[in-house]
There are 2 protein chains.
Amino acid sequence: MPDRLDGRRIPEATVARLPLYYRALNETAERDIETVSSEQLADLAGVNAAKVRKDLSYLGSYGTRGVGYAVEFLLAVISRELGLTQDWPVVIVGIGNLGQALANYGGFGARGFQVSALVDADPAKHGEKVGGLAVDPIESLADLVAMRGIRIGVIATPAAAAQDVTDQLVDAGISSILNFAPAIVSVPEGVSLRKVDLATELQILSYYQAERKSRRRVGKFTPDVQLQATTAKTS
Amino acid sequence: MPDRLDGRRIPEATVARLPLYYRALNETAERDIETVSSEQLADLAGVNAAKVRKDLSYLGSYGTRGVGYAVEFLLAVISRELGLTQDWPVVIVGIGNLGQALANYGGFGARGFQVSALVDADPAKHGEKVGGLAVDPIESLADLVAMRGIRIGVIATPAAAAQDVTDQLVDAGISSILNFAPAIVSVPEGVSLRKVDLATELQILSYYQAERKSRRRVGKFTPDVQLQATTAKTS
DNA sequence: CCGCGCTAGTGCACTTGTTCACAAAGTATT
DNA sequence: AATACTTTGTGAACAAGTGCACTAGCGCGG
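The paragraphs below set out a description of the structure included in this document. All of these numbers come straight from a predicted model, not from anything done at the bench.

Moving on, we get to the interface of chain A and chain B. When the parts of a complex come together, some accessible area is lost, and that lost area is often taken as the interface size. At the interface, 88 residues of chain A touch 85 residues of chain B. Buried area between chain A and chain B, both sides added, is near 8400 Å², and the carbon and sulfur share of it is 60%. For the pair chain A and chain B, the interface holds 6 salt bridges. One salt bridge connects Glu 211 of chain A with Arg 9 of chain B, and the closest N-O pair in it is separated by 2.5 Å. The set of elements that each furnish at least two residues to the side of chain A that touches chain B consists of helix H1 (12–30), helix H2 (38–45), helix H4 (71–81), helix H5 (97–104), strand E9 (176–179), strand E10 (192–195), helix H9 (198–212) and helix H10 (225–230) of chain A. Tallied by class, residues from the side of chain A that touches chain B come to 47 nonpolar, 18 polar and 23 charged.

The strand order across the open sheet built from 7 strands is E6-E7-E5-E4-E8-E9-E10 (chain B), with neighbouring strands paired in mixed fashion. Sheet topology places strand E6 (129–130) and strand E10 (192–195) of chain B at the edges, where each strand pairs with a single neighbour. For strand E8 (residues 152–155) of chain B and strand E9 (residues 176–179) of chain B, the ladder comprises 4 bridges, and the chain directions are parallel. Residue Gly 153 of chain B lies in a different strand from E9 of chain B, and its bridge partner there is Ile 177 of chain B. Sitting on the sheet, H9 of chain A touches strand E4 (88–93), strand E5 (113–120), E8, E9 and E10 of chain B, and the angle it makes with E9 of chain B is about 160 degrees.

What follows deals with the relation of the copies chain A and chain B. By a simple turn and slide, chain A fits onto chain B: the slide is 0.0 Å along the axis, the RMSD is 0.0 Å, and the turn is 180 degrees. These values place the two chain copies in the arrangement generated by a two-fold rotation axis. Minimal C-alpha distance to the rotation axis in chain A is attained by Ala 101 of chain A, lying at 3.1 Å. The fraction of interface residues of chain A whose copies in chain B are also interface residues reaches 93%, indicating that both copies meet through the same surface.

DNA strand D sits among 27 residues. The nearest are Ser 38 and Tyr 69 of chain A together with Asn 48, Lys 54 and Arg 65 of chain B. The protein-proximal atoms of DNA strand D, defined as those within 4 Å of the protein, are 62% sugar or phosphate. In the model, a base nitrogen of DNA strand D is placed 2.9 Å from a nitrogen or oxygen of the Arg 53 of chain A side chain. Within the side chain of Lys 54 of chain B, a nitrogen or oxygen atom sits 2.5 Å from a base oxygen of DNA strand D. Looking at the surface near DNA strand D, the elements with two or more residues in it are helix H3 (49–59), strand E2 (63–64) and strand E3 (68–70) of chain A together with helix H1 (12–30) and helix H3 (49–57) of chain B. Residue contributions to the surface near DNA strand D peak at 4 residues, all from H3 of chain B. Partitioned by chemical class, the residues of the surface near DNA strand D number 7 nonpolar, 11 polar and 9 charged.

Taken together, 26 residues surround DNA strand C, and among them Arg 17, Asn 48 and Arg 65 of chain A together with Ser 38 and Tyr 69 of chain B come closest. Per the 4 Å cut-off to the protein, sugar and phosphate atoms form 67% of the nearby atoms of DNA strand C. For DNA strand C, a phosphate oxygen lies 3.4 Å from a polar atom in the backbone of Ala 13 of chain A. Interatomic distance of 3.1 Å between a side-chain N/O atom of Lys 54 of chain B and a base oxygen of DNA strand C. Among the secondary structure elements, those contributing two or more residues to the surface near DNA strand C are H1 and H3 of chain A together with H3, strand E2 (63–64) and strand E3 (68–70) of chain B. Element by element, the count of residues in the surface near DNA strand C is highest for H3 of chain A, at 4 residues. Tallied by class, residues from the surface near DNA strand C come to 8 nonpolar, 9 polar and 9 charged.

Reading the values: the criteria
- Residues numbered from 1 in each chain as written.
- Chains lettered and ligands numbered in written order.
- Predicted model: local features only at pLDDT ≥ 70, side-chain atom pairs only at ≥ 80, totals over all residues.
- Heavy atoms only, no water.
- Contact = heavy atoms within 4.5 Å.
- Buried area = accessible area lost by both parts, 1.4 Å probe.
- Salt bridge = Lys/Arg side-chain N within 4 Å of Asp/Glu carboxyl O.
- Helix = DSSP H or I, 4+ residues; strand = E, 2+ residues; numbered from the N terminus.
- Nonpolar A, V, L, I, M, F, W, Y, C, P; charged D, E, K, R; others polar.
- Pairing = 2+ DSSP bridges.
- Axes fitted to C-alpha atoms, helices over the stretch in contact; angles between N-to-C directions.
- Least-squares fit on C-alpha atoms with pLDDT ≥ 70 in both.
- Near = heavy atom within 4 Å.
- Polar contact = N/O pair within 3.5 Å; in protein donor to acceptor, adjacent residues only side chain to side chain.

Next comes the structure, spelled out in structure tokens:
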């Protein structure tokens, strides 16, 4: 008779931090350390101790008061929770600069993921080997996904192609997508989507950078005359 | 007599969405569309209309009821807010796979940023040209940053080097850092830090992917014997 | 000039996330 | 066995973010 059968819906914010703990714990394990306190873990993960404890408490009561958490045990718990006990095959779509870098990126396979297919729309690239794997035409996406049991797709195409590629991935049966293209794509219910966007990140940094220096507000903003002019209706 | 002189602290969540609006507006402007409603903008940016309106209201009252927002005008407001009216020179540290991809990445300069320096610790890479720019030794970081007025640093090194590089960037006078290395780095007060982490993103996807299939809770977790065994240190 | 239709702006209730602070529960020590 | 010390787990206060639903304001057609 388990307590709280599955009344454990882990908050999104917590899920997003589990990988941090996972990594921190791995590093700790490599140093042959047996137990960590929430405070140590917090330091390693760059958060605060209360948050660590609350986050971990969603997974269950796996700590020992007065001692801390058993590193290996907690690793097992978290990797189970994150679904890292299995290896996830991944397809990368768009083998340009970024796609190639991702395909060659070591840390990819290192943590339970494995680049299992590369596809690109450009026929010139087909057959080319990148990171030991041949580039296939995008038309074969569905077959590759089905045959290799791929569930996760990474989009590294130009922005213009992103939505189209997304649709193809979804049609092919992919249900988790990581989008590197600087474009908003939409997916049907039941498909997870996360995005990584360089330009966005830089612009956010730019905001705070600009804020630090002269951000003197003097009431309403009146745009440059130049820009004001453009506002005039053209039709 | 301006109302709310600078009582406008823009919420973080809003700042993070401004780049989305900015991009959506740019696309809209390219199609020679003069005005957008919050609803249209919401669709383009992948959020909901109420959020758009609330977000934009932090910038001021720049919409027209019954009509919408003037695209060019709003673009000017947002780009001012994001500090995109100037060009930000950027240094990339670590010219491996990812660093090279970033250096060659077009969309970089496209939106107000400009790769102005590349540095790497490996002497073999020094002098090599990547994306039309020579790779310099990391020792010259401070000089480059000072001479080229660089404020933003991008870390594309292996995890092990990340903290060290971060410290050097900070010492060199950088106050905004975008970290691609899979490591937690800490920065002093007054320095902005954002991170982009492939492994983390994939693991989050993995969680939800695993959740969709068999996530049957049956009480407390007892780790696999195998894993339990692995607990023995590998040295 | 009036009224209709449309859309921005916003107060408010609600949800989610964070942090504090303390009781509970363990270890270590004498 | 009792006391001191450490550290988890969590209730509760607080903060941030979201979304509804309504009001205010603008443009346009008659």
